[in-house]
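Given next are the chains, with one letter for each unit.
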Amino acid sequence: MFDKLFGKGRPAPIDAPERMRPKERMRAVEGSSTAELAASLLIAPTALMQLSPDEALTVVSYMIPRRIAMGTTFINEGDRTDTGYMVLLLEGEVTVESIVVSRHAPLTVNVVGPGSLIGEMGLVDGQPRLASCTASTDVRCAVLSREALEKMGENDPKTAAKLMFAVSLRIAERLRDTAEKLKMYSQLVQAMQQEIDHLMPT
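Quick caveat: nothing in here was measured; it's all calculated off a predicted structure.

## Quick notes on the environment of Arg21
Phase 1: By secondary structure assignment, the location of Arg21 is in the loop between helix H1 (2–6) and helix H2 (22–29).
Phase 2: Residue classification places Arg21 among the exposed positions, given a relative accessible area of 61%.

Shown next as structure tokens:
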């Protein structure tokens, strides 16, 4: 999907955020209702609350607005090459699915809406995607590429560091939630095994 968003094999467009000077980039988002919406959603509880409004607008200045048609799968589970971006949803809904969970057919893991971040783990570590994401409706979003993030690190290291800290906290929260679910499932399996042993003693 990164190729679909940015054009496979083509150089970055002249107006790509990482190619613009800081003042040009901020002028490009100044007074933009879409940029203001993206900044407000970026600091919503579903995204990165740790950023200030000004920092969020700076991050948005490095993002590229995109539209994704309903039914388009823009992240594929297991993809090792297409990991260089994360997406902030502005409008619409995205279905998150995993085949690893059911091992036979994709199983819906979540449905996310405006303010949700998608793909931030791949942006950080470049590892294969953990789930597939499909636009359930027509979607408007803002995309932050790894190249733009690296440029942000050069031009505005304080904001880039705070962004990465906020993303890391978000990933840590998700891992803690997963660990709690695993504990619950383990306890459930143990209780079921005890019940089976009681009903069918050896």
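## Brief notes about the layout of surface pockets
Phase 1: Space inside the largest pocket adds up to approximately 1,200 Å³.
Phase 2: Lining the largest pocket are 32 residues, and of these Val96, Val109, Leu130, Ala131 and Arg174 sit closest to its centre.
Phase 3: At the level of elements, strand E4 (94–98), helix H5 (99–102), strand E5 (107–112), strand E6 (117–118), helix H6 (120–125) and helix H8 (157–199) are the ones that each hand at least two residues to the lining of the largest pocket.
Phase 4: Computed from the structure, the second largest pocket encloses a volume of approximately 310 Å³.
Phase 5: Lining the second largest pocket we find 20 residues, and of these Val29, Val60, Met63, Ile64 and Pro65 sit closest to its centre.
Phase 6: Mapped onto the lining of the second largest pocket, the elements with two or more residues apiece are H2, helix H3 (33–42), helix H4 (53–61) and strand E1 (64–68).
Phase 7: Tallied by class, the residues present in the lining of the second largest pocket amount to 14 nonpolar, three polar and three charged.

Cut-offs applied
- Residues numbered from 1 in each chain as written.
- Predicted model: local features only at pLDDT ≥ 70, side-chain atom pairs only at ≥ 80, totals over all residues.
- Heavy atoms only, no water.
- Helix = DSSP H or I, 4+ residues; strand = E, 2+ residues; numbered from the N terminus.
- Buried < 20%, exposed > 50% of the residue type's maximum accessible area, 1.4 Å probe, protein only.
- 1 Å grid on protein atoms, 1.4 Å probe; cavity = no way out; pocket = protein on both sides within 12 Å on 5 of 7 lines; lining within 4 Å.
- Points joined across faces, edges and corners; volume = space filled by probe spheres on them.
- Nonpolar A, V, L, I, M, F, W, Y, C, P; charged D, E, K, R; others polar.

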